[in-house]
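# An overview of the molecular structure
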Amino acid sequence: DAEITQSPRHKITETGRQVTLACHQTWNHNNMFWYRQDLGHGLRLIHYSYGVQDTNKGEVSDGYSVSRSNTEDLPLTLESAASSQTSVYFCASSPSGRPTDTQYFGPGTRLTVL
Amino acid sequence: QKEVEQDPGPLSVPEGAIVSLNCTYSNSAFQYFMWYRQYSRKGPELLMYTYSSGNKEDGRFTAQVDKSSKYISLFIRDSQPSDSATYLCAMTNNAGNMLTFGGGTRLMVKP
């Protein structure tokens, strides 16, 4: 069955370290998204991609970067982790950019920055 | 002020009750309105979506959109303990599927 996976599921790191969160989908979806979820803020968009070599900034992109070298993967990198980046991170994918296209979410990565 | 406001709850109801979950929004460009359900420590999953104003029914779930008031609702009939989850509203305009989410309402249905 096609799916979307995230790894690691839990990560503890220290302030200033570079961290990369992986996202892999097997649906061959063009669109992929990264969100963070914090209490009281819901899901906020960090970065998104409409295809290979395409990346775009979302609402809360400062301190994060992504790259899209193939259809299946969109890794999220925290260049220098900060305590404010402690959060739960969700990756999502959708077939295209139509408003009616469902976004399918991964299980999430819980990141703690000490 | 956030673009999409949602009461965080928690909302606690007895099994069998009718549940009403609501969101208000400020951006009149929003045309598509979704409800996602998120179980604890899981990713959100789409429940249903509605285009523009009106009602949509799917089993025990009914979504309502009132664009004139910038207000959307999700009703759950005959609520079950398995409905206990966080419900997130989301919306987008006609230009694509970049979603703006509400903060989520935590629902607890007690047996």
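Treat the numbers as computed from the prediction; the structure is a model and nothing was measured. Residue positions are given per chain, counted from 1 along the sequence in the order it is written. Ligands are numbered from 1 and chains lettered from A, in the order in which they are written. Confidence filtering applies because this is a predicted model: local features only for residues at pLDDT of at least 70, side-chain atom pairs given and counted only at 80 or more, and all residues used for totals across whole chains, interfaces and linings. Hydrogen atoms and water are omitted, and side-chain values are computed over all heavy atoms in the structure.

A few words on unusual backbone geometry. The linkage connecting Ser7(A) with the following residue, Pro8(A), adopts the cis geometry, with an omega of -5 degrees. Helix and strand assignments come from DSSP, with helices taken as H or I runs of at least 4 residues and strands as E runs of at least 2, each series counted from the N terminus. With respect to the secondary-structure elements, Pro8(A) resides in the loop between β1 (4-7) and β2 (10-13). Even without being a glycine, Arg41(B) presents a positive backbone phi close to 60 degrees. Position of Arg41(B) among the secondary structure elements: in the loop between β4 (32-38) and β5 (45-51). With a relative accessible area of 56%, Arg41(B) lands in the exposed category. One non-glycine residue with positive phi stands out, namely Ser52(B), at about 55 degrees. Mapping Ser52(B) onto the fold places it in the loop between β5 and β6 (54-58). Burial status follows relative accessibility: with a 1.4 Å probe on protein chains alone, a residue under 20% of its type maximum counts as buried, one over 50% as exposed, and anything between as partly exposed.

What follows is about the sheet that holds strand β3 (residues 19-25) of chain A. All names here are of chain A. The pairing criterion is simple: DSSP has to find at least two bridges between the two strands. Strand order in the open sheet formed by four strands is β1-β3-β8-β7, and the pairing between neighbours is antiparallel. The open sheet has two edge strands, β1 and β7 (64-66), and neither has a second partner. Neighbour to neighbour, the strand axes of the sheet diverge by 20 degrees on average, direction disregarded. With four bridges connecting them, β1 and β3 associate as antiparallel partners. Opposite Thr-5, over in β3, you have His-24 as the bridge partner. Comment: axis = line fitted to C-alpha atoms, over the contacting stretch for helices; angle = value between 0 and 180 degrees taken between N-to-C directions.

What follows concerns the interface of chain B and chain A. A contact between two residues is defined here by any heavy atoms of the two lying within 4.5 Å. Contact with chain B, which involves 23 residues of that partner, is made by 26 residues of chain A. Here the buried area means the combined drop in accessible surface, using a 1.4 Å probe, for two parts upon being joined, counting both sides. Taken together, both faces of the contact between chain B and chain A bury some 1700 Å²; the carbon and sulfur share is 55%. We define a polar contact as two N or O atoms separated by no more than 3.5 Å, with the added condition that, inside protein, one atom must be a possible hydrogen donor and the other a possible acceptor, whereas residues neighbouring each other in sequence contribute only through side-chain atom pairs. Our count for the contact surface shared by chain B and chain A stands at one residue pair in polar contact (both at pLDDT 80 or more). Those elements that place two or more of their residues in the side of chain B that touches chain A are β4, β5 and β9 (85-92) of chain B. Per element, the largest residue contribution to the side of chain B that touches chain A is four residues, and it comes from β4(B). Class assignment of the residues belonging to the side of chain B that touches chain A gives a composition of eleven nonpolar, nine polar and three charged. In the scheme used here, Gly and all other residues not listed as nonpolar or charged are polar, with Ala, Val, Leu, Ile, Met, Phe, Trp, Tyr, Cys and Pro taken as nonpolar and Asp, Glu, Lys and Arg as charged.

Nonpolar side chains tend toward joint burial in soluble globular proteins. Judged by nonpolar contacts, the single largest core of 23 residues is most densely connected at Trp35(B), Ile72(B), Leu74(B), Tyr87(B) and Met91(B). Elements with a contribution of two residues or more to this core: β3 (19-25), β4, β5, β7 (61-66), β8 (71-76), β9 and β11 (105-110) of chain B. The term nonpolar core refers to a set of buried residues drawn from Ala, Val, Leu, Ile, Met, Phe, Trp, Tyr and Cys, joined through side-chain atoms within 4.5 Å. Counting 18 residues, the second largest nonpolar core, distinct from the first, contains Val19(A), Ile46(A), Ala81(A) and Cys91(A).

This paragraph deals with the state of the cysteines. Each disulfide consists of a covalent bond between the sulfur atoms of two cysteine residues. Two cysteine sulfur atoms make up a disulfide if the distance between them is within 2.5 Å. Under the counting rule described, the total for this entry stands at two disulfides over all chains. The partner cysteine of Cys23(A) in its disulfide is Cys91(A), sulfur to sulfur 1.8 Å. Torsion about the S-S bond of the Cys23(A) and Cys91(A) cystine: about -70 degrees, corresponding to left-handed handedness. Of the two residues, Cys23(A) is situated in strand β3 and Cys91(A) in strand β9 (residues 87-94); the sequence distance between them amounts to 68 residues. Exposure class is identical for Cys23(A) and Cys91(A). Each is buried. Here Cys23(B) is linked by a disulfide to Cys89(B), with a sulfur-sulfur distance of 2.0 Å. With the S-S bond torsion at -105 degrees, the cross-link from Cys23(B) to Cys89(B) turns out left-handed.

Let us now look at the environment of Thr13(A). Residues and elements named next belong to chain A. Here Thr-13 lies in strand β2. Separated by 82 residues in the primary sequence, Thr-13 and Pro-95 have C-alpha atoms spaced 33 Å apart. What Thr-13 contacts, discounting residues up to four positions off in sequence, is Val-19, Ala-81, Leu-111, Thr-112, Val-113 and Leu-114.

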